[in-house]
Amino acid sequence: MRGFKIAIVGATGMVGRTFLKVLEERSFPVDELYLFASAKSEGKILNFKGKEYTVEKLTEGSFDRDMDIALFSAGGDTSKKYAPIAASKGVVVVDNSSAWRMEKGVPLVVPEVNPYDVKNHNRIIANPNCSTIQAVVVLKPLYDKYGIERVVYSTYQAVSGSGQKGIKDLNDGLAGKPPALYPHSIVNNCLPHIDQFLDNGYTKEEMKMINETQKILGDYSLKITATTVRVPVEYCHSESINVELKKDFDLAELKELLSSSPGIQVVDDPSSNLYPMATTAANTDMVYAGRIRRDESVVSGVNLWVVADNVRKGAATNAVQIAELIAGQI
Ligand code: A2P
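Quantities reported herein were computed from a predicted structural model and do not represent experimental measurements.

Undergrad: Any details on the overall build of the chain? Residues and values, ideally.
TA: Within the chain one finds eight helices and 13 strands. For 330 residues, the compact-globule formula gives about 20 Å, and the C-alpha radius of gyration of the chain, at 20 Å, lands near that figure. Over its C-alpha atoms, taken along the principal directions, the chain stretches across nearly 60 × 50 × 40 Å. Counting across all 330 residues of the chain, residues that qualify as buried make up 54%. In the chain, the proportion of contacts linking residues at least 24 apart, taken out of those at least 6 apart, comes to 67%. Summing over all exposed atoms, the chain offers an accessible surface of approximately 14,300 Å²; the carbon and sulfur share of this is 48%. Across the chain, the centroid of the 37 positively charged side chains sits 3 Å from that of the 40 negatively charged ones.

Undergrad: Can you explain the site of the ligand? Please cite residues and give values.
TA: Contacts to the ligand come from 15 residues, most closely from Thr-12, Gly-13, Met-14, Ser-38 and Ser-41. For the ligand, an oxygen atom lies 2.4 Å from a polar atom in the side chain of Ser-41. A distance of 3.4 Å is found between an oxygen atom of the ligand and a backbone nitrogen or oxygen belonging to Gln-164. When the free accessible area of the ligand is taken as 580 Å², the share hidden by the protein chains comes to 71%. Of the residues assigned to the shell around the ligand, the class counts are five nonpolar, nine polar and one charged.

Undergrad: Account for the sheet that holds strand β9 (residues 223-230), with residues named and values stated.
TA: Judged by pairing direction, the sheet is mixed, and its six strands sit side by side in the order β9-β8-β10-β13-β12-β11 without closing on themselves. Across the chains shown, the open sheet's two edge strands, defined by having one partner strand only, are β9 and β11 (264-266). In this sheet, adjacent strand axes meet at a mean angle of 20° when their direction is disregarded. Strands in contact with helix α5 (residues 204-217) are β8 (148-157), β9 and β10 (237-245); relative to β9, the strand with the most contacts, it is inclined by about 140°.

Undergrad: Outline unusual backbone geometry, supporting the account with residue identities and numerical values.
TA: One non-glycine residue with positive phi stands out, namely Lys-49, at about 50°. Taking the relative accessible area as the measure of exposure, Lys-49 reaches 46% and is therefore partly exposed.

Undergrad: Describe the environment of Lys-165, listing the residues and the values that go with them.
TA: Its place among the elements puts Lys-165 in helix α4 (residues 164-174). The spatial distance from the C-alpha of Lys-165 to the C-alpha of Ala-180 is 8.0 Å, given a sequence separation of 15 residues.

Undergrad: For the sheet that holds strand β4 (residues 51-57), give the residues involved together with the corresponding values.
TA: Judged by pairing direction, the sheet is mixed, and its seven strands sit side by side in the order β3-β4-β2-β1-β5-β6-β7 without closing on themselves. The open sheet has two edge strands, β3 (45-48) and β7 (124-126), and neither has a second partner. Going from strand to strand, the sheet's axes swing by 25° on average, the running direction of each strand aside. Relative to β4, β3 runs antiparallel, the two sharing four bridges. Across the sheet, Asn-47 pairs through a bridge with Glu-52, a residue of β4. Together, β1 (4-9), β5 (69-72), β6 (92-95) and β7 form the strand contacts of helix α2 (residues 76-88), whose direction differs from that of β5 by roughly 175°. Across the face of the sheet, helix α8 (residues 312-327) comes into contact with β1, β5, β6 and β7 while running at roughly 165° to β5.

Undergrad: Account for the domain arrangement of the chain, naming residues and giving values.
TA: Segmentation of the chain into domains returns domain 1 (4-127 + 315-327) and domain 2 (131-310). Each of domain 1 and domain 2 has a C-alpha centre, and the two are 25 Å apart. Facing the 20 residues of domain 1 at the interface are 20 residues of domain 2. Contact with domain 2 buries surface across domain 1, with Met-14, Glu-112 and Val-113 losing the most and accounting together for 36% of the total. The interface formed by domain 1 and domain 2 holds one salt bridge in total. Among the ionic pairs, Glu-212 bridges to Arg-101, the shortest N-O distance being 3.0 Å. Applying the counting criterion to the domain 1 and domain 2 interface returns seven residue pairs in polar contact (both at pLDDT 80 or more). If you list the elements that add at least two residues to the side of domain 1 that touches domain 2, you get α1 (14-25) and α8. A class-by-class count of the residues in the side of domain 1 that touches domain 2 yields eight nonpolar, seven polar and five charged.

Each value, and the rule that gives it
Residues numbered from 1 in each chain as written. Predicted model: local features only at pLDDT ≥ 70, side-chain atom pairs only at ≥ 80, totals over all residues. Heavy atoms only, no water. Helix = DSSP H or I, 4+ residues; strand = E, 2+ residues; numbered from the N terminus. Rg over C-alpha atoms; globule rule 2.2 N^0.38 Å. Buried < 20%, exposed > 50% of the residue type's maximum accessible area, 1.4 Å probe, protein only. Contact = heavy atoms within 4.5 Å. Areas by Shrake-Rupley, 256 points an atom, 1.4 Å probe, with all protein chains shown as cover. Lys, Arg positive; Asp, Glu negative; His and termini not counted. Charge placed at Lys NZ, Arg CZ, Asp CG, Glu CD. Near = heavy atom within 4 Å. Polar contact = N/O pair within 3.5 Å; in protein donor to acceptor, adjacent residues only side chain to side chain. Nonpolar A, V, L, I, M, F, W, Y, C, P; charged D, E, K, R; others polar. Pairing = 2+ DSSP bridges. Axes fitted to C-alpha atoms, helices over the stretch in contact; angles between N-to-C directions. Domains from an automatic or database assignment. Buried area = accessible area lost by both parts, 1.4 Å probe. Salt bridge = Lys/Arg side-chain N within 4 Å of Asp/Glu carboxyl O.

In structure tokens:
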């Protein structure tokens, strides 16, 4: 494969730095690399493959160079403004913010689930929300084999989902200082509040999970509800997913199906205290599923416990996988 000219917007952030790590680990063919962040990071030095790169301040002229792909993770406002500028200069943008995800004509892609959607882009492709990515990796094989009637999501989400400010709030709280980002201390606490509250009583994060799952699975009639909760864990989102299936299933067969599906590792041996956990999923790219058991309150239901590294598979790795799909096309 030929080499590519890559830009990273938000290079100094938690996801931005992980883009660099994942590009290097996966030996993505990078010919040229451009790093962008806000004015405060101008001149900072970051490393990629043993070479030093200087961070530039993002401006409207940043994309007036020969670039193939830009990976964005600098917040929704930056993406809203700069992704169309990059796209108008011929750069294909993979955007990690929520700015473009539900826009018509913008593919929302998880490579294990809907790689075919990547084709129909107008130079902006959206990376889904971190909690949605790990959920749909597990739902897709169930959807294809049994059909899905209804999904109930309950999440336990790491503070790194809020970027470096989230980690700081947790560490400051452990040192006895008040929170700067969250409305309450996250130490010894669970906050049923991720992103803003909406008029319907849900949070934006909950509606993202509902809307994005429907878009990725291509089924807007799918019944889904969600409660999303921030917990005092640094890395990895854990999710309880209750799924009502359309067809009946054999539990051993369902576990086998998940084990043999892309991107999933089943960890499910309760007799040895083995189940997915944040501490074991951290720094990996797999989606772990366990505690797989019948929901005995309905005709054909299953409960699952699903854990993945929200900064890697939930953000950076998924975006780099999308870049790999694009690289195969250009
Ligand atoms: P900076 O470090 O200069 O503030 P995180 O979510 O981990 O906090 O990271 C956010 C990333 O987005 C950082 O790289 C940050 O750069 C970048 N960023 C924030 N606002 C802007 C902006 N207006 N223009 C460019 N980059 C931005």
